[in-house]
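# Fold and geometry: a report
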Amino acid sequence: MDKMISYLLLLGNIVLLVTGQVLFKIGLGRSGGLHWGKLITSPAIIGGVGLYGIATLLWFAVLTRLPLSVAYPMQAFAYVLAMVPAYFIFKESITPLKLAGVAVILIGVYLLAKS
């Protein structure tokens, strides 16, 4: 059960990081790029920073429960998860080569989880 909680904390960290990145992308798009005056008042950017803060607190909990050599590489799952909003929200393409990369990442994450 303790191991399951550790991996759920890690998954929560990853979901928050990806959601924060999506908010960053939205905020940057709405501000027209790197316009710092607009960015520091952007609700999307502020929300993304807030999610990153919470993700960091979860990461601290993860690091107390899992070896760094397991936890850190498993954050590669964020690349896989980020493809979902990239496709549905930002209309980015998912090519066969990207899918092959996702397969490699998933196999690696699986092997790490089994170790």
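Check the entry above for the structure.
It should be emphasised that the depicted structure is a prediction, and the values quoted were computed from it without experimental measurement. (Residues numbered from 1 in each chain as written. Predicted model: local features only at pLDDT ≥ 70, side-chain atom pairs only at ≥ 80, totals over all residues. Heavy atoms only, no water.)

## What to know about helix α5 (residues 77-88)
Listed in full, the buried residues belonging to α5 are Ala78, Val80, Met83, Pro85 and Ala86. Summarising the contacts, the buried residues of α5 are in contact with α1 (2-31) and α6 (96-114). (Buried < 20%, exposed > 50% of the residue type's maximum accessible area, 1.4 Å probe, protein only. Helix = DSSP H or I, 4+ residues; strand = E, 2+ residues; numbered from the N terminus. Contact = heavy atoms within 4.5 Å.)

## Observations regarding the packing of aromatic side chains
Counted according to the given criterion, the structure contains three aromatic pairs. The residue whose ring lies beneath lysine 25 is phenylalanine 90, and the NZ or CZ to ring-centre distance is 5.9 Å. (Phe/Tyr/Trp six-rings, centres within 6.5 Å; stacked < 30°, edge-to-face > 60°. Lys NZ or Arg CZ within 6 Å of the ring centre and 35° of its normal.)

## Overview of the pattern of salt bridges
Side chains carrying opposite charge are able to pair once their charged atoms draw close together. Tallied over the full model, the rule gives one salt bridge. A salt bridge links aspartate 2 to arginine 65; the nearest nitrogen and oxygen atoms lie 2.7 Å apart. With aspartate 2 in helix α1 and arginine 65 in helix α3 (residues 43-65), the pair connects residues that are 63 residues apart, well separated along the chain. The class of aspartate 2 is exposed, set by a relative accessible area of 51%. We classify arginine 65 as partly exposed; its relative accessible area is 36%. (Salt bridge = Lys/Arg side-chain N within 4 Å of Asp/Glu carboxyl O.)

## A word on α3
Residues spaced three or four apart along an α-helix point in a common direction, a consequence of the helix completing one turn every 3.6 residues. An ideal rise of 1.5 Å per residue puts 33 Å on 23 residues; α3 measures up with 33 Å between its terminal C-alpha atoms. Considered for burial, the residues of α3 that qualify are Ala44, Ile45, Gly48, Leu51, Ala55, Trp59 and Val62. Each element contacted by the buried residues of α3 is listed here: α1, α2 (36-39) and α4 (68-74). (Expected span 1.5 Å × (residues − 1).)

## Digging into the packing of α1 against α3
Two numbers describe how α1 lies on α3: the axes approach to 8 Å, and their chain directions differ by 160 degrees. Viewed along their axes, α1 and α3 adopt a mutual orientation that is roughly antiparallel. When the axes of α1 and α3 are compared, the crossing they make is left-handed. When its residues are assigned to classes, the contact of α1 with α3 shows 20 nonpolar, 10 polar and two charged. (Axes fitted to C-alpha atoms, helices over the stretch in contact; angles between N-to-C directions. Parallel < 35°, antiparallel > 145°, perpendicular 65-115°, else oblique. Left-handed = near helix turned anticlockwise from the far one by under 90°. Nonpolar A, V, L, I, M, F, W, Y, C, P; charged D, E, K, R; others polar.)

## Structural notes on the nonpolar core
Counting 13 residues, the largest nonpolar core has Tyr7, Leu10, Val62, Leu66 and Met74 as its most contacted members. Among the secondary structure elements, those contributing two or more residues to this core are α1, α3 and α4. At five residues, α1 tops the list of elements feeding residues into this core. The contacts of leucine 10, once residues within four sequence positions are left out, are Trp59, Val62, Leu66, Ala71, Met74 and Gln75. (Core = buried A, V, L, I, M, F, W, Y, C linked by side-chain atoms within 4.5 Å.)

## Concerning the side chain of asparagine 13
Assignment of secondary structure puts asparagine 13 in helix α1. Asparagine 13 gets classed as buried once you look at its relative accessible area, which sits at 2%. Of the polar contacts made by the side chain of asparagine 13, one reaches the backbone oxygen of alanine 55; its length is 2.7 Å. With residues near it in sequence (within four places) discarded, asparagine 13 still touches Ala55, Thr56, Leu58, Trp59 and Gln75. (Polar contact = N/O pair within 3.5 Å; in protein donor to acceptor, adjacent residues only side chain to side chain.)

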